[in-house]
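Here is how the chains run, residue by residue.
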Amino acid sequence: MTHEIKICMGSACFAKGNQENLDFIKNFIESNNLEVEVKIIGSLCENKCNVGPRIYIDGVEHIQVTQGQLVGLLEELK
């Protein structure tokens, strides 16, 4: 199964933490040897800056995402 993670890299989401979230996601995938395929893509600003940083996982939007939340979200991909 292939999972898709789309990360908003617009300036507000980037400044609010999505650069760090991107690094966290990459490190999590590598260190946990996920047995599924994960496709990571970036997106430009979608004008939802007030609820950033935003990340979509398999089409589901997650707002104000922290690295603590990412652990649970990424665990579900296993």
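Predicted model, so just to flag it, every value in this text is computed and none were measured.

About the cut-offs
Residue numbers here run from 1 along each chain, matching the order of that chain's written sequence. Owing to the predicted nature of the model, reporting of local features is limited to residues with pLDDT of at least 70; listing and counting of side-chain atom pairs is limited to 80 or more, with chain, interface and lining totals taken over all residues. Side-chain metrics in this entry use all non-hydrogen atoms of the structure; hydrogen atoms and water are not considered. Numbered from the N terminus, helices here are DSSP runs of H or I no shorter than four residues, and strands are runs of E no shorter than two. Radius of gyration means the value over C-alpha atoms here, while the globule rule gives 2.2 Å times the residue count to the 0.38 power. Here the nonpolar core consists of buried residues drawn from Ala, Val, Leu, Ile, Met, Phe, Trp, Tyr and Cys, with membership extended through side-chain atoms lying within 4.5 Å. Three labels apply to residues, based on accessible area from a 1.4 Å probe with only protein chains included: buried if under 20% of the type maximum, exposed if over 50%, partly exposed otherwise in between. Residues count as neighbours in contact if any of their non-hydrogen atoms are within 4.5 Å of one another.

Visitor: Would you mind going over the overall build of the protein chain in detail, with residue names and values included?
Guide: Summing up its helical and strand segments, the protein chain has two helices and four strands in all. Helices and strands in the protein chain line up, N terminus first, as β-α-β-β-β-α. Against the globule reference of 12 Å for 78 residues, the protein chain gives a C-alpha radius of gyration of 12 Å, in line with a compact fold. Its C-alpha atoms give the protein chain principal-axis dimensions of about 35 × 20 × 15 Å.

Visitor: Outline the nonpolar core, listing residues and values.
Guide: If you look at the biggest cluster of nonpolar residues, it comprises 15 residues, and the most contacted ones within it are Ile5, Ile25, Ile55, Leu70 and Leu74. The set of elements that each furnish at least two residues to this core consists of strand E1 (2–8), helix H1 (11–31), strand E3 (55–57) and helix H2 (67–75). When near neighbours in sequence (up to four residues on either side) are disregarded, Ile5 contacts Ile25, Val38, Lys39, Ile40, Ile41, Ile55, Tyr56, Ile57, Leu74 and Leu77.

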